[in-house]
Amino acid sequence: MTHSAIIPRVSIQTEDFDLSTEVAQLRNGLPGVGAVCSFVGTVRDRNEGSSVSAMELEHYPGMTESSIEAMIDQAMDRFDILGARVIHRVGLLQPLDQIVLVAVISAHRGQSFQACEFLMDYLKSHAPFWKKEQTPEGARWVDARVSDDAASARWGLPAQLQTGG
Amino acid sequence: MRVHIKYFASIREAVGQGAETLETSAATVGALRDELLAKGGTHGEALARTRAIRMALNQVMADEEATLPDGAEVAFFPPVTGG
């Protein structure tokens, strides 16, 4: 029994989030939960050899939410988990800011660990977000990483960086 | 038929606009891209096949072979970099 009707599974927001609050809501009323695994992504002050003073996150409203919902559906199918919560911030962010939360609950730890990594790898290479960094050399779009494709390939997910357009 | 086109991130900046609506007879996403490329100018540069571009049809990732229904929403964007 999960409680997806009570709290949303996916939130795209400009506001910050509180990990403890989110985990408490996710666990609420589910005595069968024995494991919570969460990942929080934060803004670094350096990338690709430059200092980063700020980061602007753009997304595709509508598709962002529906694609992450579909990823959570897949995670629920693949792993023995009881629920998941994803929050992704958009807009202007500074170094030290939180960007993304993935939290998963299950009866035992193995499935939560795996599902959390699966969701994060999937999101990185398939959810429609784009980062633009402010650096001393000017603003630049962040390039997609081959290593992110390799991470999602572990789960049998398609690569996004195939050659050609 | 009419299609609604959206551009994001570096593609949006290169085209110079975030969205446009077009009358087209293109049967597929790829044929629509060809039609936009044929306009030349910023469209020609932004959607060039030498660029890494991902596409979505009605908000689901799609390839160029995907068939265009009437009233479709087609999006062009660079590889994603969230998380």
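Residues numbered from 1 in each chain as written. Chains lettered and ligands numbered in written order. Predicted model: local features only at pLDDT ≥ 70, side-chain atom pairs only at ≥ 80, totals over all residues. Heavy atoms only, no water.

Colleague: Sorry, what's going on with the environment of Ile12 of chain A here?
Modeller: Residue and element names in this part refer to chain A. Within the fold, Ile12 resides in strand E1 (residues 10-13). Taking the C-alpha atoms as reference points, Ile12 and Val86, 74 residues apart in sequence, are found 8.5 Å from one another. For Ile12, the contacting residues outside a window of four places in its chain are His59, Thr64, Glu65, Ile68, His88, Val90 and Phe129. (Helix = DSSP H or I, 4+ residues; strand = E, 2+ residues; numbered from the N terminus. Contact = heavy atoms within 4.5 Å.)

Colleague: What is the right way to look at helix H1 (residues 19-27) of chain A in this model?
Modeller: Residue and element names in this part refer to chain A. All of the buried residues along H1 are Glu22, Val23 and Leu26. The buried side chains of H1 occupy one side of the element, clustering within an arc of 95° when seen end-on. If you follow the buried residues of H1, they end up packed against strand E2 (35-42), strand E6 (81-89) and strand E8 (98-106). Looking at the residues trailing H1, positive phi occurs at Gly29, about 75°. (Buried < 20%, exposed > 50% of the residue type's maximum accessible area, 1.4 Å probe, protein only. Arc of directions from axis to C-beta.)

Colleague: Is there a simple way to think about the packing of helix H3 (residues 109-126) of chain A against helix H4 (residues 146-153) of chain A in this case?
Modeller: Each pair of packed helices can be described by the angle between their axes along with the distance between the axes. Residues and elements named next belong to chain A. As a packed pair, H3 and H4 sit with axes 9 Å apart at the nearest point and diverge in direction by 135°. Taken together, H3 and H4 sit at an angle that is classed as oblique. The handedness of the crossing between H3 and H4 comes out as left-handed. Residues Asp121, Lys124, Ser125 and His126 of H3 form the contact with H4, whose participating residues are Asp148, Asp149, Ala151 and Ser152. Across the contact of H3 with H4, the residue classes break down as 1 nonpolar, 3 polar and 4 charged. (Axes fitted to C-alpha atoms, helices over the stretch in contact; angles between N-to-C directions. Parallel < 35°, antiparallel > 145°, perpendicular 65-115°, else oblique. Left-handed = near helix turned anticlockwise from the far one by under 90°. Nonpolar A, V, L, I, M, F, W, Y, C, P; charged D, E, K, R; others polar.)

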